[in-house]
Amino acid sequence: MSCIFCRIVGGEIPAEVVASDLENVAFLDVQPLADGHVLVVPRAHVAAIEDLEPAAADALFRMVQRLAGPVRQALDAAGTTIGINNGGATGQTVPHVHVHIIPRWPDDGAGSVHTIFPRHTTRRLPDVATAIRRAAAA
Ligand SMILES: [Zn+2]
């Protein structure tokens, strides 16, 4: 069992666990981007969000929703940025699904999700929508 998140889930590596249930464990990121940076991980080792069982995906998002308010309140934050790096090309360094909950303050110097991207598009919206609808129906 070499996956660091599986080892945390299994209690093999200590972590600052802030919540857990039958499906998930939530703990502080050891390299936090801000105070209160929480990771929510499913107990099952699944690399990509699309590979989660539907019930596991439901439970994962329920835990994220359950913690968003407490994280904000505990850190006296103005909001939270919630995100998933899904796949190695996105910067996902641990191939075990994890949702970041990062407290935000008006003067924290970080941007929105939109600031991650240089807004590079080449295809027309209807063509892209058609392609996605076809793939989703398959
Ligand atoms: Zn794992």
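As shown above, the structure is provided for reference.
These numbers were taken from a predicted model, which means no experiment stands behind them.

### Focus: the pattern of salt bridges
Following the criterion strictly, the structure yields 3 salt bridges and no others. In this structure, Glu12 and Arg7 form a salt bridge, with 2.9 Å as the shortest nitrogen-oxygen distance. Residue classification places Glu12 among the partly exposed residues on the basis of a relative accessible area of 44%.

### Digging into the pairing of strand 3 (residues 38-42)
With 5 of 5 residues buried, strand 3 lies mostly within the body of the structure. Across the two faces of strand 3 the burial is the same, with Val38, Val40 and Pro42 and Leu39 and Val41 all buried. Where strand 2 (residues 24-28) meets strand 3, 5 bridges bridge the pair, whose relative direction is antiparallel. Bridging across to strand 3, Leu28 finds its partner in Val38. Bridging between strand 3 and strand 5 (residues 99-104) involves 3 bridges; their strand directions are antiparallel. Bridging from a neighbouring strand, Val38 pairs with Ile101 of strand 5.

### Regarding a nonpolar patch on the surface
Among the surface-exposed residues, Val113, Ile116 and Phe117 lie close enough to one another that they form a single nonpolar patch of about 340 Å² accessible area. With respect to the element layout, Ile116 can be found in the loop between strand 5 and helix 3 (125-137).

### What to know about helix 2 (residues 54-74)
With 21 residues, helix 2 extends 30 Å between its outermost C-alpha atoms, agreeing within 8% with the 30 Å of an ideal straight helix rising 1.5 Å per residue. Along helix 2, the helix axis deviates most sharply at Leu67, where the bend reaches about 30°; the proline Pro70 sits within four residues downstream. Considered for burial, the residues of helix 2 that qualify are Ala56, Ala59, Leu60, Met63, Val64, Leu67, Ala68 and Val71. Structurally, helix 2 contributes buried residues whose contacts are with strand 1 (17-20), strand 2, strand 3, strand 4 (79-83) and strand 5. Asp76, located one to two residues past helix 2, shows a positive phi value of around 50°.

About the cut-offs
- Residues numbered from 1 in each chain as written.
- Predicted model: local features only at pLDDT ≥ 70, side-chain atom pairs only at ≥ 80, totals over all residues.
- Heavy atoms only, no water.
- Salt bridge = Lys/Arg side-chain N within 4 Å of Asp/Glu carboxyl O.
- Buried < 20%, exposed > 50% of the residue type's maximum accessible area, 1.4 Å probe, protein only.
- Helix = DSSP H or I, 4+ residues; strand = E, 2+ residues; numbered from the N terminus.
- Pairing = 2+ DSSP bridges.
- Patch = residues over 30% accessible without salt bridge, like charges linked within 9 Å, V, L, I, M, F, W, Y side chains within 5 Å.
- Areas by Shrake-Rupley, 256 points an atom, 1.4 Å probe, with all protein chains shown as cover.
- Expected span 1.5 Å × (residues − 1).
- Bend = angle between axes of the 7 residues up to and from the residue.
- Contact = heavy atoms within 4.5 Å.

Geometry only, nothing functional implied.
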